[in-house]
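Below are the chains, spelled out letter by letter.
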Amino acid sequence: MVSDNNQKYSIEKIEFNLSYLARWLEANHRRRTYPLERAHYLLLNLLCEKSPQSSGALASQLGLDSSTVTRQIKAMIALDLLNRLPDPSDRRGCLIQVTALGIDKYEQMQAIRRKNVEKIFQDWSDEEKQQIGDTLEKLNNSICRNLENS
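Owing to the predicted nature of the structure, the values given are computational and were not obtained by experimental measurement.

### A short note on the overall build of the chain
Piece 1. Along the chain, the regular secondary structure elements total six helices and two strands.
Piece 2. N-terminal to C-terminal, the α/β element order of the chain is α-α-α-α-β-β-α-α.
Piece 3. Over its C-alpha trace the chain gives a radius of gyration of 19 Å, far above what one expects of a compact globule, namely 15 Å for 150 residues.
Piece 4. Along the longest, intermediate and shortest principal axes, the C-alpha atoms of the chain span 60 × 35 × 25 Å.
Piece 5. When burial is assessed residue by residue, the chain has 20% of its 150 residues classed as buried.
Piece 6. Within the chain, contacts between residues at least 6 apart in sequence are counted, and of these 48% link residues at least 24 apart.

### Overview of the packing of helix α3 (residues 55-62) against helix α4 (residues 66-78)
Piece 1. The interhelical angle for the contact between α3 and α4, taken along N-to-C directions, is 115°, at an axis separation of 9 Å. With respect to each other, α3 and α4 are oriented roughly perpendicular. Seen from above, α3 lies across α4 with right-handed handedness. For the pair α3 and α4, contact is made by Ser55, Gly56, Leu58 and Ala59 and by Ser66, Val69, Thr70 and Ile73, respectively.

### Some remarks on the pairing of strand β2 (residues 90-98)
Piece 1. As defined by bridge partners, strand β1 (residues 82-87) adjoins β2 across six bridges and the pair is classed as antiparallel. Paired with asparagine 83 across the bridge in β2 is glutamine 97.
Piece 2. Joining the antiparallel neighbours β1 and β2 is a turn of two residues.

### As for the confidence of the model for the chain
Do not read the predicted coordinates in detail wherever pLDDT is low.
Piece 1. Predicted confidence across the chain gives a mean pLDDT of 91, with 97% of residues reaching 70 or more.
Piece 2. Ranking the elements of the chain by mean pLDDT puts helix α1 (residues 4-31) last with 85 and α4 first with 96.

### A few points about unusual backbone geometry
Leaving glycine out, the prevailing phi sign among residues is negative, and the prevailing peptide bond configuration is trans.
Piece 1. Look at the link from serine 51 to proline 52: it is a cis peptide, with omega at 0°.
Piece 2. Mapped onto the secondary structure, proline 52 falls in the loop between α2 (38-49) and α3.
Piece 3. Its identity is not glycine, yet aspartate 80 carries a phi of approximately 65°, on the positive side.
Piece 4. The topology assignment puts aspartate 80 in the loop between α4 and β1.
Piece 5. Owing to a relative accessible area of 43%, aspartate 80 belongs among the partly exposed residues under this scheme.

### Observations concerning the nonpolar core
Piece 1. Of all hydrophobic cores here, the largest spans 18 residues; its most connected members are Leu44, Leu58 and Leu82.
Piece 2. Counting residues per element, the ones that place at least two in this core are α2, α3, α4, β2 and α5 (100-120).
Piece 3. In terms of residues, this core owes the most to one element, α2, which gives five residues.
Piece 4. When neighbours within four sequence positions are excluded, leucine 44 is seen to be in contact with Leu36, Met76, Leu81, Leu82, Val98, Gly102 and Tyr106.

### A word on the environment of leucine 85
Piece 1. Here leucine 85 lies in strand β1.
Piece 2. The spacing of leucine 85 and glutamine 97 is twelve residues in sequence and 7.1 Å in space, taken between C-alpha atoms.
Piece 3. Ignoring sequence-local partners within four residues, the contact set of leucine 85 consists of Pro52, Cys94, Leu95 and Gln97.

What counts, and at which threshold
Residues numbered from 1 in each chain as written. Predicted model: local features only at pLDDT ≥ 70, side-chain atom pairs only at ≥ 80, totals over all residues. Heavy atoms only, no water. Helix = DSSP H or I, 4+ residues; strand = E, 2+ residues; numbered from the N terminus. Rg over C-alpha atoms; globule rule 2.2 N^0.38 Å. Buried < 20%, exposed > 50% of the residue type's maximum accessible area, 1.4 Å probe, protein only. Contact = heavy atoms within 4.5 Å. Axes fitted to C-alpha atoms, helices over the stretch in contact; angles between N-to-C directions. Parallel < 35°, antiparallel > 145°, perpendicular 65-115°, else oblique. Left-handed = near helix turned anticlockwise from the far one by under 90°. Pairing = 2+ DSSP bridges. pLDDT = per-residue confidence, 0-100. Core = buried A, V, L, I, M, F, W, Y, C linked by side-chain atoms within 4.5 Å.

Structure below.
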């Protein structure tokens, strides 16, 4: 059984390291030149997986307010990364679709980001990389569930 002191230390250690992780990721992002803003990359990620989608569906998947996603979509349409299509199931609505340029910029950024991640984990074993990938996936799922329930 884990003692209260060990449990407290574990939570403190997690909180501390999550804070530093967020800081290091932000510092890393600021040092690099990317072809896309981070918010645009995440939207394109969803739309490259499944396009077209409604802005509401995109907002839900990202845990964001619809108005925030709508502003991002508007900016991305102006950059020719996305376009709007009529929604066949709702004449008043529209669906958001990724453009060829959006796919190209997404793939460029993905390649840069994967190369950077590869550098970070170059000294890690395949087993360690698998373990952190699984743990990060579990962490993201827990955060998502926590947001949905709050």
